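# Report on the structure
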Amino acid sequence: MDLRIFTEPQQGASYDTLLAVAKAAEDLGFDAFYRSDHYLRMGPGDGLPGPTDAWITLAGLARETRRIRLGTLMTAGTFRLPGVLAVQVAQVDQMSGGRVELGLGAGWFEEEHRAYGIPFPKEKFGRLEEQLEIVTGLWATEIGQTFSFDGTYYQLTDSPALPKPAQAKVPILVGGHGARRTPRLAARYADEFNIPFASLEDSERQFGRVGEAARAAGREPGDLVYSNALVVSVGKNDAEVARRASAIGREVAELKANGLAGSPAEVVDKIGRYAAIGSSRIYLQVLDLEDLEHLELISSRIQPQLG
């Protein structure tokens, strides 16, 4: 079971804070540092010092880390044109020496689009499908050849399809709860399927749908990695768990029901139940980015028990 650190900087985090978390995650042996792609805080609070751009952040971290993988859950398709996104991700992959992964989603938070003047199209899923085809098609085009695309939403003519990522294949993540179109997209384009903030039962059901879609697309279900994103709040004792829950404005009982919360033993047990339904990677949603002792506790008391 891989454990990855997943942050939500729109809630209020500077680049320096994110750098400290990424470096701590690398030093403590976590597999990857991921961040969301949002420009507006969700819920109460001022969101200070303001949003950071996902791919600018990852470009900086690419030069200031050495081992840890870097990615997004999920890059919002509404924020970037697919050709430009392919250039951005390829460049950051080069800057990192081949450690980048791209989670790409349709975009959903209409309020942040209004706040920053970003168009919020009615039809987002069809755009996402074309974006996935374009980004992967640009990277797959051989050097010296060109790439063209004539879609409903995007048209590219004789693109040189440059630059290329450092990796031969940048891992693509597709995720979500959709019962029909989401599994089909994952089966066609994804190396990994991620379901965020889902119960064991919902996760198992969705993993099954993705596996069936993979077979229909001519792939084996095991060709994909299956993963979960879950909020985390761990403590050495009940008081520490309660303190960490309070710091992120959540109740302990709710966190235990909907995330990974409690003692290290409780969290290891619940992770084991996710592993039993086919999840091999957990993105730990860490909401208090100043609490690096939290990461140290997870690293020392949970990771060694996961093999």
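No experiment lies behind these values; they were computed from the predicted model shown.

## Thoughts on empty space enclosed by the protein
Counted according to the given criterion, the structure contains 1 cavity of 30 Å³ or more. Each pocket or cavity is described by its volume, and for the largest cavity that value is around 70 Å³. Together, Val232, Ser233, Arg244, Ala247, Ile248, Val286, Leu287, Asp288, Asp291 and His294 line the largest cavity. Of all the secondary-structure elements, those providing two or more residues to the lining of the largest cavity are β10 (225-234) and α8 (238-247). Classifying every residue of the lining of the largest cavity gives 5 nonpolar, 2 polar and 3 charged.

## Remarks on the packing of aromatic side chains
All told, the structure shown has 6 aromatic pairs when counted by the stated rule. A connected cluster of aromatic rings, assembled from ring pairs, spans Tyr39, Phe79 and Tyr116.

## With respect to the environment of Gly50
Relative to the helices and strands, Gly50 resides in the loop between β2 (32-35) and α2 (54-64). A sequence separation of 37 residues divides Gly50 from Ala13, and the C-alpha atoms of the two residues are 7.2 Å apart.

About the criteria used
Residues numbered from 1 in each chain as written. Predicted model: local features only at pLDDT ≥ 70, side-chain atom pairs only at ≥ 80, totals over all residues. Heavy atoms only, no water. 1 Å grid on protein atoms, 1.4 Å probe; cavity = no way out; pocket = protein on both sides within 12 Å on 5 of 7 lines; lining within 4 Å. Points joined across faces, edges and corners; volume = space filled by probe spheres on them. Helix = DSSP H or I, 4+ residues; strand = E, 2+ residues; numbered from the N terminus. Nonpolar A, V, L, I, M, F, W, Y, C, P; charged D, E, K, R; others polar. Phe/Tyr/Trp six-rings, centres within 6.5 Å; stacked < 30°, edge-to-face > 60°.

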